[in-house]
Amino acid sequence: MTKKKPNLALAATALQEHFPGLPLESLVSSNRTFPITSRVDLQRALDQVFQDSQTKLHGLHARYAHETITVAHLLITDQFPVVLSPIQQDDVDCGDAVPTRCLQRALWLAESDGIRFACLLGPAVQFGRGTGIHFEITVPAGEEAAQFVNNLFAHIQKKVHETASYRGKVISLEFMPDFSGTAGNIRVHKLPRISRENVILPTRTLELLERNVTGFAQQRTELQRLGLPVKKGLLFYGPPGTGKTYTIQYLATQLPDHTTLLITAEHVALLDQYFQLARHLQPAVIVLEDVDLIGRARETMDGACEESMLNKLLNEMDGLREDAEIFFVLTTNRPEQLEAALASRPGRIDQAIEFPLPDEVGRRQLIRLYSRGLVIADELAQTVVKKTSGVSAAFIKELMRRSAQFYLQAKRTGDLTQQDVDDALDEMLFAGGSLNRKLLGAFGSELSH
């Protein structure tokens, strides 16, 4: 018995029914490619454009999707045609309470002011790799229809720019979709809100930060009125674990209207996309951590590839207009290795801010901050301060956690004891050897048992 083939509805048939009496090859199509980072904004714009109940929405399925599906592909009816299918959506996280549902591939058939038109949405694909979002408008030939297309594109692009779903959030770009049940090329970071009293830095350092970041942001309007640049570059430098990344989280709290873009070393290939996003979502903060990995002195580089990444960074920084409301925050543990063209030129880096190892006052504050729910007597806190000369803030955070572990293991009640702290110090400083001390951020020579 011959198995009956399913009766599939062809996309070409739907188009022919929507444009009755017109040869499909006589239609005129125009398209735009939107960046993948605007997927949520584009979807919201299209939801508004096609909210009319008279619009017909169809899902599309193509057997092979290694290239961009266009209206021309919909006209193929002999082999592997594009067929109508159930609507397929991805849940895309943009930092809101509920993810936004974005269509994968879709065909709208609609009419406006007597003009029938069709819109096609799908991934823009080049050699099997996604490069953006393809959106195509198809109308009958004629000047009136052509003007309608121009107006519709202008309206959609305006809505995409106005929506800016990621504005004011902390984001980074992703190379590949993750497996969390959501899809998209932007990751939204949920950073903790950090208050000023929890930023343990020398007074001079904190004053520099506030004058050059929050104070500068507040004065931008007046600076623009005076014709002065409002973009600014900052270099955070100091030993590992001294609070550079923590301070960036604090600044994100202090600049809630700014979009913060986090660039790590593996993402430097996406620099142009980050800067494009920053221009679109400004005011913005571009954070490039461990900048010495791509911005070290040219004479220490191993080849043209490494130098090209440095040049790309410099060109992107220089390419921003002076009225761009953008902060660059570059961090490094090795400032002496940075290329002079990056670190020693105002307009790229306007202020270097040192993050030193905490002094006695700082260590005492850090002990109180990281002891959390534990009760630690003043005498014991002072002893810990003396025993931890030359360590980083990260070391003290780990010390308090391990002290708490020994406290819980001994099933103690009441105050944290000297024994708990000594056991933690022994494990961190001596049991693991010199490498362990270095890994944990013990840089000084005055550490004692």
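Whatever comes next refers back to the structure up there.
The structure displayed is predicted, hence computed values, not measured ones.

### Looking at the pattern of salt bridges
Scanning all chains against the criterion turns up 14 salt bridges. Residue lysine 158 pairs with glutamate 162 through a salt bridge whose shortest N-O separation is 2.5 Å. Linking lysine 158 with glutamate 162, this pair stays in helix α4 (residues 143-163), spanning 4 residues, or about one helical turn. What emerges from the salt-bridge pattern is a single network uniting Glu398, Arg401, Arg402 and Glu427.

### Re the packing of aromatic side chains
Taken as a whole and assessed by the stated rule, the structure comprises 8 aromatic pairs. Ring plane angle 65° and centroid distance 5.8 Å describe the contact between phenylalanine 216 and phenylalanine 327, whose orientation is recorded as edge-to-face. One end of the pair, phenylalanine 216, is in helix α5 (residues 203-218); the other, phenylalanine 327, is in strand β14 (residues 326-332), and 111 residues separate them in sequence. Taken as a pair, phenylalanine 216 and phenylalanine 327 share a single burial class, namely buried. Through successive ring pairs, a cluster of aromatic residues spans Phe50, Trp108, Phe117, Phe135, Phe148 and Phe153.

### What to know about the sheet that holds strand β11 (residues 232-237)
Neighbouring strands of a sheet are bound in pairs by backbone hydrogen bonds; such pairs are parallel or else antiparallel. Across the sheet, 7 strands lie side by side as β10-β9-β12-β13-β14-β11-β15; this open sheet has mixed pairing. With partners counted over all chains shown, the strands left at the sheet margins are β10 (186-188) and β15 (351-354), one partner each. Mean inter-strand twist for the sheet, computed between neighbouring axes without regard to direction, equals 25°. Pairing of strand β12 (residues 259-263) with strand β13 (residues 284-288) involves 5 bridges; the strand directions are parallel. Bridge assignment links isoleucine 263 to a residue of β13, and that residue is leucine 288. Where α5 meets the sheet, it contacts β11, β14 and β15, and its direction lies at approximately 140° from that of β15. Contacting β9 (170-173), β11, β12, β13 and β14, helix α7 (residues 244-254) runs over the sheet at an angle of about 145° to β11.

Reading the values: the criteria
- Residues numbered from 1 in each chain as written.
- Predicted model: local features only at pLDDT ≥ 70, side-chain atom pairs only at ≥ 80, totals over all residues.
- Heavy atoms only, no water.
- Salt bridge = Lys/Arg side-chain N within 4 Å of Asp/Glu carboxyl O.
- Helix = DSSP H or I, 4+ residues; strand = E, 2+ residues; numbered from the N terminus.
- Phe/Tyr/Trp six-rings, centres within 6.5 Å; stacked < 30°, edge-to-face > 60°.
- Buried < 20%, exposed > 50% of the residue type's maximum accessible area, 1.4 Å probe, protein only.
- Pairing = 2+ DSSP bridges.
- Axes fitted to C-alpha atoms, helices over the stretch in contact; angles between N-to-C directions.
- Contact = heavy atoms within 4.5 Å.

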